[in-house]
Amino acid sequence: MVFISLRAGRYIHRFWGKCTLSLDSFCVFVYPVTCSSMMEIKVKDGSSLCTLVPDGEPHIMQSVSVSEDHRCSSISVKSTPEIEKKYVHRVYDAIAPHFSSTRFAKWPKVAAFLESLPTGSLILDAGCGNGKYLGLTPSCYFIGCDISAPLIKICADKGHEVLVADAVNLPYRTNFGDAAISIAMLHHLSTEDRRKKAIEELVRVVKKGGLVLITVWAVEQEDKSLLTKWTPLAEKYVEEWIGPGSPRVRGPSPFTLESIPETEENGSQAHAKDSNDSLTENMQQSMCLTPQNEDDVLVSKHRMSQQEYFVPWHLPYHRAEVSGASAGALANGLARKDDKKGAVVYDRYYHVFGEGELERLVSGMDNAVIVNKFYDKSNWCIILEKTL
């Protein structure tokens, strides 16, 4: 069973199938689920937020497949690759409090999307992190999920309706909500099949006419110097962990994408771009090759074709979690010390998206259409509408 804290029981039947409400514990019991162990998160009101954990990893309900072949294929896609366990799940579990302290500014385009939804809309935030978008519009009802239990605890402590869940196997009923968002989450999935499945899940859980907003990091970064701070995955990582569906070379985009100014979230303040023209110029400069010699040509081509990166996160020594999860990570070789910066350094896995790649992932879907697409502060973004 899966427990979640409950504030508004009248919505629960729309989220899940058969469920019973315990008035004593204010928890929802959701069936059916199998597990080998269970992890409990204590929340401040004395109730519990629990999720099933087999072998130390969050467990998500497996959907019933219509055929054995489809079932095997589905399980394969839903099986979490080792690179995501080590360089996404465990990293965010370890850095959750520090990460949360840097995530407070709302992206204007995401806020505008949420504020445009009708009063009373049910909205899912898949990959909600510390929950900064949950409850953004008081007239709507929000529910969130994330693979990181420590981040979910942070959300629960704020009173949000959340649970631990995998983006490629969302534990929600089909056609339950009016809208869903996935903000800077899809790029942590390491194969094209898993990225497609996550998008299919977002579309599945909204009703006909429902909208889905997805944002991902772009290869075409406005600040090109960032690429020099990221570590391209070594060939052995690509061969061992990255699926054959992840394109090494990008094709041309079938769309003309609009460049929209955005505030930049840097953990301490937001910087606004002066004008649309300025952003457009910056984007064009970051996407164009202007080499001075043959070596520059090779470097530029490599950076433009490279899409698999380890992006560092510096966790200061003075953070309390250094003596907990970080100590174990250092001992196991999953993190390293940087004495000059006084920090434990974690590497987060990213598949950064090329122009047109996000659109191509949804091009074969027969139940959704792209109603908007744009480039926003080094992110590729699309809005889908469910048609069936």
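Predicted model only: the values in this text are computed from it and were never measured.

Participant: Looking at this structure, I do not really get the overall build of the protein. What am I missing?
Facilitator: When you go through the protein residue by residue, the secondary structure sums to 12 helices and 18 strands. For the protein, buried positions account for 52% of its 388 residues. For the protein, contacts bridging at least 24 residues in sequence account for 69% of all contacts bridging at least 6. Total accessible area on the protein is roughly 17900 Å²; 52% of this is exposed by carbon and sulfur atoms.

Participant: What exactly am I supposed to notice about the side chain of K386 here?
Facilitator: Among the secondary structure elements, K386 is positioned in strand β18 (residues 379–386). There is no salt bridge for the buried K386, and the closest opposite charge comes from E201, which lies 9.4 Å off by N-O distance. Side-chain polar atoms of K386 contact the side chain of N175, separated by 2.6 Å. The residues touching K386, leaving out its near neighbours within four places in the chain, are T174, N175, V203, R204, V206, K207, K208, G209, G210, N367 and A368.

Participant: Explain the packing of aromatic side chains to me, please; I cannot follow it from the model alone.
Facilitator: Between two aromatic rings, the relevant description is the distance of the centres plus the angle of the planes. Taken as a whole and judged by the stated rule, the model has eight aromatic pairs. Pairing Y92 with F99 gives two aromatic rings, centres 5.2 Å apart and planes at 90°, and the pair type is edge-to-face. Residues Y92 and F99 agree in their burial class; the two are buried. When the ring of W230 is compared with that of Y309, the centres are 5.4 Å apart and the planes differ by 70°; the resulting orientation is edge-to-face. Within this pair, whereas W230 is found in the loop between α7 (226–229) and β10 (231–232), its partner Y309 is found in strand β14 (residues 308–316), the two being separated by 79 residues in sequence. Owing to a relative accessible area of 6%, W230 belongs among the buried residues under this scheme. Taken together, the ring pairs connect W217, W230, Y309 and Y350 into an aromatic cluster.

Participant: Teacher, can you tell me more about the sheet that holds β10 here?
Facilitator: Two pairing modes exist for strands in a sheet, parallel and antiparallel, and in both the strands are linked by backbone hydrogen bonds. Ordered by their spatial adjacency, four strands build an open sheet running β10-β14-β16-β15, and the pairing between neighbours is antiparallel. Unpaired on one side and paired on the other, β10 and β15 (335–338) mark the two borders of the sheet. Bridge count between β15 and strand β16 (residues 343–351): four bridges; the pairing is antiparallel. Within the sheet, the bridge partner assigned to D338 lies in β16 and is A343. The strands touched by helix α3 (residues 82–101) are β14 and β16; relative to β16, the strand with the most contacts, the crossing angle is about 130°.

Participant: Looking at this structure, I do not really get the packing of α3 against helix α5 (residues 149–157). What am I missing?
Facilitator: Describing two packed helices takes the angle between their axes plus the distance from one axis to the other. Two elements in contact, α3 and α5, have axes separated by 7 Å at closest approach and are oriented at 35°. For the pair α3 and α5, the contacting residues are Y92, D93, A96, P97, F99 and S100 in the first and A149, P150, L151 and I154 in the second.

Participant: Would you mind showing me how to read unusual backbone geometry here?
Facilitator: Backbone geometry follows two general trends: most residues other than glycine have a negative phi, and most peptide bonds adopt the trans configuration. If you check the backbone angles, A184 has positive phi at about 55° while not being a glycine. A relative accessible area of 25% means that A184 is categorised as partly exposed. One non-glycine residue, K377, adopts positive backbone phi at about 50°. Mapped onto the fold, K377 is located in the loop between β17 (368–376) and β18.

Participant: Looking at this model, I keep getting lost on the nonpolar core. Mind explaining?
Facilitator: Here is a general trend for soluble globular proteins: nonpolar side chains tend to be buried in one another's company. Of all hydrophobic cores here, the largest spans 35 residues; its most connected members are L124, Y172, L186, I199, I214 and L358. Taken together, the elements giving at least two residues each to this core come down to β5 (122–126), β6 (141–146), α6 (192–205), β9 (206–217), α12 (357–362), β17 and β18. The biggest single contributor to this core is α6, with five residues.

Participant: Just to check I follow, could you spell out the pairing of β18 for this structure?
Facilitator: Remember that side chains alternate between the two faces of the sheet whenever the strand is regular. With respect to burial, β18 is a largely interior element, seven of its eight residues being buried. Across seven bridges, the pairing between β9 and β18 is antiparallel. If you follow L211 over to β18, its bridge partner there is E385. Sheet analysis places β17 next to β18, joined by seven bridges and oriented antiparallel.

Participant: Please explain α3 as it appears in this structure.
Facilitator: Residues lying three or four places apart along an α-helix face the same way, a consequence of the helix completing one turn every 3.6 residues. Helix length check: α3 (20 residues) gives 28 Å between terminal C-alpha atoms against 28 Å at 1.5 Å per residue, within 8%. The largest bend along α3 reaches roughly 70° and is located at I95, with the proline P97 sitting one to four residues downstream.

Participant: Before we go on, may I ask you to explain the pattern of salt bridges in this structure?
Facilitator: Two side chains carrying opposite charge are able to pair once their charged atoms lie near each other. Using the criterion set out here, one finds eight salt bridges in the structure. When the shortest N-O distance is used, the salt bridge between D157 and K153 registers 2.8 Å. Residue D157 and its partner K153 are both found in helix α5; the two are separated by four residues, about one turn of the helix. Under the relative-accessibility criterion, D157 is labelled partly exposed at 24%.

What counts and how
- Going along each chain's sequence as written, the residues are numbered from 1 onward.
- Only residues with pLDDT of at least 70 are given local features in this predicted model, and only at 80 or more are side-chain atom pairs given and counted; all residues enter the totals for whole chains, interfaces and linings.
- Neither water nor hydrogens contribute to the side-chain values; these are computed over all heavy atoms in the structure.
- Put simply, DSSP H or I for four residues or longer makes a helix, DSSP E for two residues or longer makes a strand, and each gets a number counted from the N terminus.
- Only protein chains enter the accessibility calculation, which uses a 1.4 Å probe; a residue whose area is less than 20% of its type maximum is buried, one above 50% is exposed, and one in between is partly exposed.
- In this analysis, two residues are considered to be in contact whenever any of their non-hydrogen atoms come within 4.5 Å of each other.
- Each accessible area is a Shrake-Rupley result for a 1.4 Å probe, and residues are judged covered by the shown protein chains and nothing else.
- In this tally, Asp and Glu contribute negative charge and Lys and Arg positive charge; neither His nor the terminal groups of the chain are included.
- Just to be clear on terms, a salt bridge is a Lys or Arg side-chain nitrogen sitting within 4 Å of an Asp or Glu carboxyl oxygen.
- Identification of polar contacts relies on pairs of N or O atoms within 3.5 Å, with a donor-acceptor requirement for protein atoms, meaning one able to donate a hydrogen and the other able to accept it, and with residues adjacent in sequence counted only if both atoms are side-chain atoms.
- Ring geometry is summarised as follows: Phe, Tyr and Trp rings, the Trp one being its six-membered ring, pair when their centres sit within 6.5 Å, and such pairs are stacked at plane angles under 30 degrees, edge-to-face over 60 and tilted between the two.
- A pair of strands is labelled paired if DSSP reports no fewer than 2 bridges between them.
- Axis angles are defined between N-to-C directions and span 0 to 180 degrees, where every axis is a line fitted to C-alpha atoms and, for a helix, only to the segment in contact.
- Throughout this description, the term nonpolar core refers to a set of buried Ala, Val, Leu, Ile, Met, Phe, Trp, Tyr and Cys residues connected via side-chain atoms within 4.5 Å.
- Under the convention used throughout, the expected extent of a helix is 1.5 Å for every residue step, that is, one less than its residue count.
- Consider a residue and the seven residues that end there alongside the seven that start there; fitting an axis to each set, the bend is the angle between those axes.

Functional significance is not addressed by these values, which are geometric in nature.
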